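Now for the letters of each chain:
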Amino acid sequence: MTDDAVPELRASDADRERVAEVLRDALAEGRLDMEEFEERLEATYKARTYAELTPITRDLPTGGVVAPAPVSFTKAPVESGSWTGRIVGGEGSSTGAVAVLSGFQRKGRWTVPKKFTAFAFWGGGEIDLREADFADREVHINCVAIMGGMQVTVPPGVEVVVRGIGVMGGFEHPRGDERAEPGAPRVVIGGFAFWGGVGVERKQRRRLGK
């Protein structure tokens, strides 16, 4: 196959999701306004080939030709609750989520990537890390809530750092000053909330009982 044929290759769902993540980051950084973001996001999910995806992020950092995603294998969370067994590396099960006049959930058994971006506009989302694995010992969750809300739930023992900015909205810090357990991951929660909010709380993992 020649290089000229590459743009005509069919894009996968993972390819479209990586482009969507670039757009979410650009919105959060002020590189795109809301109208541009919505137009490009719609074009992303309609794209069928690399040739259609490439122009969408050509003028943005990390933009350019979309490459197929590497295949990664992750382990299910170990029943003993060992943090060592839950730091699995890899690319993560999902790099982001979007809720526009709707909602999203990331919960149960999934792998949190090094960077996860969530966007809610007149909508809401739930990010539950209690049963999750982690791609690295430090992961960043970027939440953008515009007239919407999100809830982030972490298990006890995880170090949580909240750095989000609220305008007529806010980011909630988890109650108490709980010390991180040895080997536990560090979760950094940032982003922006306008007429919306991001809640953060600690809850015990369901399968561990009390």
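Up top is the structure these notes are about.
What you see is a predicted model; the values in this text were computed from it and never measured. (Residues numbered from 1 in each chain as written. Predicted model: local features only at pLDDT ≥ 70, side-chain atom pairs only at ≥ 80, totals over all residues. Heavy atoms only, no water.)

## Regarding the overall build of the protein chain
Turning to step 1, where the next piece is worked out: Scanning the protein chain from terminus to terminus reveals three helices and 13 strands.
Turning to step 2, where the next piece is worked out: The buried share of the protein chain, taken over its 210 residues, is 44%.
Turning to step 3, where the next piece is worked out: Taking the intrachain contacts of the protein chain between residues at least 6 apart in sequence as the baseline, contacts between residues at least 24 apart amount to 67%. (Helix = DSSP H or I, 4+ residues; strand = E, 2+ residues; numbered from the N terminus. Buried < 20%, exposed > 50% of the residue type's maximum accessible area, 1.4 Å probe, protein only. Contact = heavy atoms within 4.5 Å.)

## Describing the pairing of strand 5 (residues 124–128)
Turning to step 1, where the next piece is worked out: Of the strand pairs in this sheet, strand 2 (residues 103–106) and strand 5 are connected by four bridges, and their pairing is parallel. The residue bridging Phe-104 from the neighbouring strand is Gly-125, located in strand 5.
Turning to step 2, where the next piece is worked out: One ladder, built from five bridges, connects strand 5 with strand 8 (residues 149–154); its direction is parallel. By the bridge assignment, Ile-127 is partnered in strand 8 with Val-152. (Pairing = 2+ DSSP bridges.)

## Comments concerning unusual backbone geometry
Turning to step 1, where the next piece is worked out: The residue Leu-101 is not glycine, and still its phi comes out positive at about 55°.
Turning to step 2, where the next piece is worked out: Position of Leu-101 among the secondary structure elements: in the loop between strand 1 (96–100) and strand 2.
Turning to step 3, where the next piece is worked out: What makes Leu-101 exposed here is its relative accessible area of 59%.
Turning to step 4, where the next piece is worked out: Even without a glycine there, the phi angle at Trp-195 is positive, about 50°.
Turning to step 5, where the next piece is worked out: Structurally, Trp-195 is set in the loop between strand 12 (186–194) and strand 13 (197–202).

## Structural notes on the environment of Lys-203
Turning to step 1, where the next piece is worked out: Here Lys-203 is to be found in the segment after strand 13.
Turning to step 2, where the next piece is worked out: Lys-203 sits in the partly exposed class, given a relative accessible area of 38%.
Turning to step 3, where the next piece is worked out: Sequence separation between Lys-203 and Arg-130 is 73 residues, and the spatial gap between their C-alpha atoms is 7.5 Å.

## A short note on the sheet that holds strand 8
Turning to step 1, where the next piece is worked out: Pairing is parallel in the open sheet, where five strands are placed in the order 2-5-8-13-11. Each having just a single partner strand, strand 2 and strand 11 (170–171) make up the two edges of the open sheet.
Turning to step 2, where the next piece is worked out: Sheet topology note: the strand 11/strand 13 ladder contains two bridges and is parallel. Bridged to Phe-171 within strand 13 is Val-198.

## A few points about the pattern of salt bridges
Turning to step 1, where the next piece is worked out: Counted according to the given criterion, the structure contains ten salt bridges.
Turning to step 2, where the next piece is worked out: Between Arg-18 and Asp-15 there is a salt bridge, with its nearest N and O atoms 2.5 Å apart. Here Arg-18 and its partner Asp-15 are both found in helix 1 (residues 13–28), three residues apart, which amounts to about one turn of the helix.
Turning to step 3, where the next piece is worked out: Classification of Arg-18 as partly exposed rests on a relative accessible area of 26%.
Turning to step 4, where the next piece is worked out: Between Glu-138 and Arg-186 there is a salt bridge, and its shortest N-O distance comes to 2.9 Å. Of this pair, Glu-138 sits in strand 7 (residues 138–146) while Arg-186 sits in strand 12, and the two are 48 residues apart along the sequence.
Turning to step 5, where the next piece is worked out: Exposure remark for Arg-186: the relative accessible area of 23% places this residue in the partly exposed category.
Turning to step 6, where the next piece is worked out: Residues joined in a network through salt bridges with shared partners are Glu-138, Glu-159 and Arg-186. (Salt bridge = Lys/Arg side-chain N within 4 Å of Asp/Glu carboxyl O.)

## Quick notes on the environment of Lys-115
Turning to step 1, where the next piece is worked out: As for its placement among the helices and strands, Lys-115 is situated in strand 4 (residues 115–121).
Turning to step 2, where the next piece is worked out: For the pair Lys-115 and Asn-142, spaced 27 residues apart in the sequence, the C-alpha separation amounts to 7.5 Å.
Turning to step 3, where the next piece is worked out: Beyond its immediate chain neighbours, meaning those up to four positions away, Lys-115 contacts Glu-21, Asp-25, Thr-95 and His-140.
Turning to step 4, where the next piece is worked out: Here the side chain of Lys-115 touches Asp-25 through a polar contact of 3.5 Å, side chain to side chain. (Polar contact = N/O pair within 3.5 Å; in protein donor to acceptor, adjacent residues only side chain to side chain.)

## Description of the nonpolar core
As a rule of thumb, nonpolar side chains are buried together in soluble globular proteins.
Turning to step 1, where the next piece is worked out: Formed by 31 residues in total, the largest nonpolar core has its most connected members in Ile-127, Leu-129, Cys-143 and Val-152.
Turning to step 2, where the next piece is worked out: Broken down by element, the residue count for this core peaks at four residues, all from strand 7.
Turning to step 3, where the next piece is worked out: Residues in contact with Leu-129, not counting those within four places in the same chain, are Arg-86, Trp-110, Val-112, Phe-134, Ile-141, Thr-153, Val-154, Pro-155 and Val-187.
Turning to step 4, where the next piece is worked out: The next biggest cluster of nonpolar side chains, apart from the first, holds 19 residues, and it includes Val-22, Leu-32, Phe-119 and Phe-121. (Core = buried A, V, L, I, M, F, W, Y, C linked by side-chain atoms within 4.5 Å.)

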